[in-house]
Amino acid sequence: MLPLWTVAEAVAATGGRPEGLSDGPLGSVSIDSREIEAEALFVAIKGDKLDGHDYVEAALTAGAAAALVSEEWFKAHGGTKLIVVPDPLEALRALGRAARARSKAIVVAVTGSAGKTTTKEAIRTVLSEAGPTHWSIKSFNNHWGVPLMLARLPREAQYGVFEIGMNHAGEITPLAQMVRPHIAVITTVAAAHLEFFKSITEIAEAKAEIFLGLEEGGTAVLNADHDYIHVLFAKARQARIEHIVTYGYEEEADYRIEPPGTAGGRTFARVTHQAEVYDLNLGVKGRHMVANATAALVVARLAGLDRYAASKG
């Protein structure tokens, strides 16, 4: 089995310079010196509060095979087992783009004002039934979380599921263009982060930036149960997206959810799509959880799973 990266591949992808470092396997990529695995590549990014360069020695001592550091830091500190770059965060983004470029996986991206993480987890649960699946952990969905999750995308993955978040307009565009999804899901549009926007319409327009990264021939999957679906449709058409699939309780939704019932802590619902009928039996309560599960059902069908495998997942 091939490693996640080799040193030579990481050097080529980032345009870095190896210092005191020979070629060899890199089994993982990390930005946290407390979570170093054997043969890891530690990326010393600078955050709002902490600078990863302060933990390079700890990461290497913990078993990292190499550390990705800035030229400025190297000039001041020197060292070995290093890949030296102008900016480690930019290098991490380059590594993420390289992982995406080499991947043959079907890639899914999820955004929305609520339900992103739950929907992402539902999608990865269903796709994992069909083949090797890689997904964003926790809520790693921002300017460093997305490239980190991409950089960890294994060569052999058949499916990749990535969460993309935002607080301001313009933040989703570069992340979506990095992920380049085949399927883009918007869970809902609501008054989240309204302190950074003049209106919910602006929030909808910001969520729709995910369309700007969609691969040619890709599909937008939209929850229809909110008042801004027309904004998303307009933005999808503007991005020349031909394939749009809707889901929800809305009468006109492509995958329509009938009123659910609950019993013994479980939720039961029927989803209809053209002549197909799906009966969902979920181990959780809540109308919104049915909607999240339906998003996973839609993605599974678009990804090529047959209706029985999709329902089972």
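Each remark here, short or long, concerns the structure printed above.
Residues numbered from 1 in each chain as written. Predicted model: local features only at pLDDT ≥ 70, side-chain atom pairs only at ≥ 80, totals over all residues. Heavy atoms only, no water.

Enquirer: Let's hear about the overall build of the protein chain: which residues, and what values?
Expert: When helices and strands are counted, the protein chain shows 11 helices and 17 strands. A fraction of 61% describes how many contacts in the protein chain between residues 6 or more apart in sequence connect residues 24 or more apart. In the form shown here, the protein chain has an accessible surface area of approximately 14,400 Å², with 50% of it arising from carbon and sulfur atoms. Placing the 31 positive and 37 negative side-chain charges of the protein chain at their respective mean positions leaves the two points 2 Å apart. (Helix = DSSP H or I, 4+ residues; strand = E, 2+ residues; numbered from the N terminus. Contact = heavy atoms within 4.5 Å. Areas by Shrake-Rupley, 256 points an atom, 1.4 Å probe, with all protein chains shown as cover. Lys, Arg positive; Asp, Glu negative; His and termini not counted. Charge placed at Lys NZ, Arg CZ, Asp CG, Glu CD.)

Enquirer: How would you sum up the sheet that holds strand E4 (residues 28–30)? Please name residues and give values.
Expert: Spatial ordering of the open sheet is given by E2-E7-E6-E5-E4, a layout of five strands whose pairing is mixed. Whereas interior strands pair on both sides, the edge strands pair on one side only; in this sheet they are strand E2 (17–19) and E4. This sheet shows a mean twist of 25° between the axes of neighbouring strands, independent of strand direction. As paired elements, E4 and strand E5 (residues 40–43) share three bridges and run parallel to each other. Looking at E5, one finds that serine 30 is bridged to phenylalanine 42. Each of E2, E5, strand E6 (66–70) and strand E7 (82–85) touches helix H1 (residues 7–14); the most contacted strand, E7, lies at about 5° to it. (Pairing = 2+ DSSP bridges. Axes fitted to C-alpha atoms, helices over the stretch in contact; angles between N-to-C directions.)

Enquirer: Tell me about the side chain of threonine 6, and name the residues and values.
Expert: Along the chain, threonine 6 falls in strand E1 (residues 5–6). Among all residues touching threonine 6, those that are not within four sequence positions of it are Asp23, Gly24, Pro25, Leu26 and Arg155.

Enquirer: Before we move on, can you summarise unusual backbone geometry with the specific residues and values?
Expert: The phi angle at arginine 240 is positive, at roughly 60°, despite the residue not being glycine. Mapped onto the elements of the fold, arginine 240 is located in the loop between helix H9 (229–238) and strand E13 (243–248). Relative accessible area serves as the criterion here: at 76%, arginine 240 is assigned to the exposed category. You will see that glutamine 274, though not glycine, has its phi angle at about 55°, which is positive. Relative to the helices and strands, glutamine 274 resides in the loop between strand E16 (266–273) and strand E17 (276–282). Among the residues examined, glutamine 274 registers a relative accessible area of 75% and is labelled exposed. (Buried < 20%, exposed > 50% of the residue type's maximum accessible area, 1.4 Å probe, protein only.)

Enquirer: Residue-level account of the packing of helix H8 (residues 200–207) against H9, with values.
Expert: Orientation of H8 relative to H9, taken along the N-to-C sense of each, is 40°, at an axis distance of 9 Å. Comparing their axes, H9 and H8 come out oblique. Remark: the crossing between H8 and H9 carries right-handed chirality. Seen from H8, the contacting residues are Thr201, Ala204 and Glu205; seen from H9, they are Val231, Leu232 and Lys235. (Parallel < 35°, antiparallel > 145°, perpendicular 65-115°, else oblique. Left-handed = near helix turned anticlockwise from the far one by under 90°.)

Enquirer: Before we move on, could you go through the packing of aromatic side chains and cite the residues and values that matter?
Expert: Applying the stated criterion across every chain, the model contains two aromatic pairs. On the numbers, 5.1 Å between centres and 70° between planes, the contact of phenylalanine 140 with tryptophan 144 is edge-to-face. Judged by relative accessible area, phenylalanine 140 falls into the buried class, the value being 16%. Taking 6.3 Å as the distance between ring centres and 35° as the angle between the ring planes, the aromatic pair formed by tyrosine 255 and tyrosine 278 counts as tilted. Residue tyrosine 255 is found in strand E14 (residues 255–257), and its partner tyrosine 278 is found in strand E17; the two are separated by 23 residues along the sequence. Just as tyrosine 255 is buried, tyrosine 278 falls in that class too. (Phe/Tyr/Trp six-rings, centres within 6.5 Å; stacked < 30°, edge-to-face > 60°.)

Enquirer: Could you give an account of the pairing of E13, with specific residues and numbers?
Expert: Note: strand E12 (residues 219–223) against E13, five bridges, orientation parallel. Bridged to threonine 219 within E13 is histidine 243. Crossover E12 to E13 through H9 is right-handed. Taken together, the two bridges between E13 and E14 define a ladder with parallel strand orientation. Note on E14: the bridge partner recorded for glycine 248 is arginine 256. (Right-handed = clockwise from strand over helix to strand, strands pointing away.)

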